[in-house]
Amino acid sequence: MSSSPTEANASAVSMWVAFATAVQFLTRIPVPGVTHGSAEVFYAALRRSVVFFPLVGGCVGLCTASVAMCAMYGLSPLVAALLAIGGEAWLTGAFHEDALADTWDALGGGWTREQVLTIMKDSRLGTYGTLSLIIGVGIRIVTTAELIAGQPVWAWASIVAAAALGRVAIVAMMVTTEPVVDRDSQAGQISQTQTSRTLVYASLIGFPCIAAWIILSPLTAVCGLLAGGVVLAWFRRKIISRVGGTTGDLLGCSAYLVQLVILIASTWGVSRA
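Residues numbered from 1 in each chain as written. Predicted model: local features only at pLDDT ≥ 70, side-chain atom pairs only at ≥ 80, totals over all residues. Heavy atoms only, no water.

### Brief notes about helix H8 (residues 127-149)
Helix length check: H8 (23 residues) gives 33 Å between terminal C-alpha atoms against 33 Å at 1.5 Å per residue, within 8%. Among all positions of H8, only Gly 129, Ser 132, Gly 136, Arg 140, Ile 141, Thr 143, Thr 144, Ala 145, Leu 147 and Ile 148 are buried. Residues of H8 that are buried in the fold lie against helix H4 (53-71), helix H5 (77-92), helix H6 (95-109), helix H9 (152-176) and helix H13 (248-271). (Helix = DSSP H or I, 4+ residues; strand = E, 2+ residues; numbered from the N terminus. Expected span 1.5 Å × (residues − 1). Buried < 20%, exposed > 50% of the residue type's maximum accessible area, 1.4 Å probe, protein only. Contact = heavy atoms within 4.5 Å.)

Below you can see the structure in the form of structure tokens.
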């Protein structure tokens, strides 16, 4: 069977360009010398870049952990965590925070599928979005503060693993759920041609980011992965019943939810140590 034009374009993109595209898409970091030339080439690179999402997420987590641990010298754990989470929001352009707020604004305020999608496209925050940001960011700050106040190595491993596994959740949602939006939209373009093989490759490439977390506390890792899987499955079922598929905001929200679960599981690991 011959490949489709989009598959052929994606296969022509080098791995370096795909990785650089993942960095540029998930963060505000510009990668010098990487140009795509046209929208068609850009989307081809973006589709192939999906396998690098967990690795880039792990690198973002490493930056967050680094800021938190450095800020611990002379500052309280809570202030250090606040600076670290704020720094990550700047590094990523608050991509997932925006997705979290838009998602819960839409799911909380929309009664019909059309209302949910309309609210989600609105950049203004309502009550549900504001509450979700307060709760979500608050949980991240508190859990990060508790982690860095405990064992430094465990804190590093946990923060990096949570960021990487959040991006694994994005890939899993792309693979298992059809986009509800037009296939010509950005979310639709990214999700095209993603298969279970993409999820396997992304997990393998991102595995070094979670290896230390698993080795340091296998029980915590198993519990965290199971809890993250349950939350992701629940969220997937929820959005399918409400809107029928995924959007860019829903993908970002899935990453944030799984990241929260992993951080909560990691703090539980600290408490039982």
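### Considering the packing of aromatic side chains
In total, this model carries 8 aromatic pairs according to the counting rule given. Their ring planes at 40 degrees and their centres at 6.2 Å tell us that Trp 16 and Phe 19 sit as a pair that is tilted. Here Phe 19 and Trp 16 lie together in helix H2 (residues 15-26), a separation of 3 residues that amounts to about one turn. Ring geometry for Phe 25 versus Phe 95: centroids 5.9 Å apart, planes at 70 degrees, classification edge-to-face. Of this pair, Phe 25 sits in helix H2 while Phe 95 sits in helix H6; the two residues are 70 residues apart in sequence, bridging distant segments of the chain. Residue Phe 95 is classed as partly exposed on the basis of its relative accessible area of 32%. An aromatic cluster of at least three residues, connected via ring pairs, comprises Trp 16, Phe 19 and Phe 52. (Phe/Tyr/Trp six-rings, centres within 6.5 Å; stacked < 30°, edge-to-face > 60°.)

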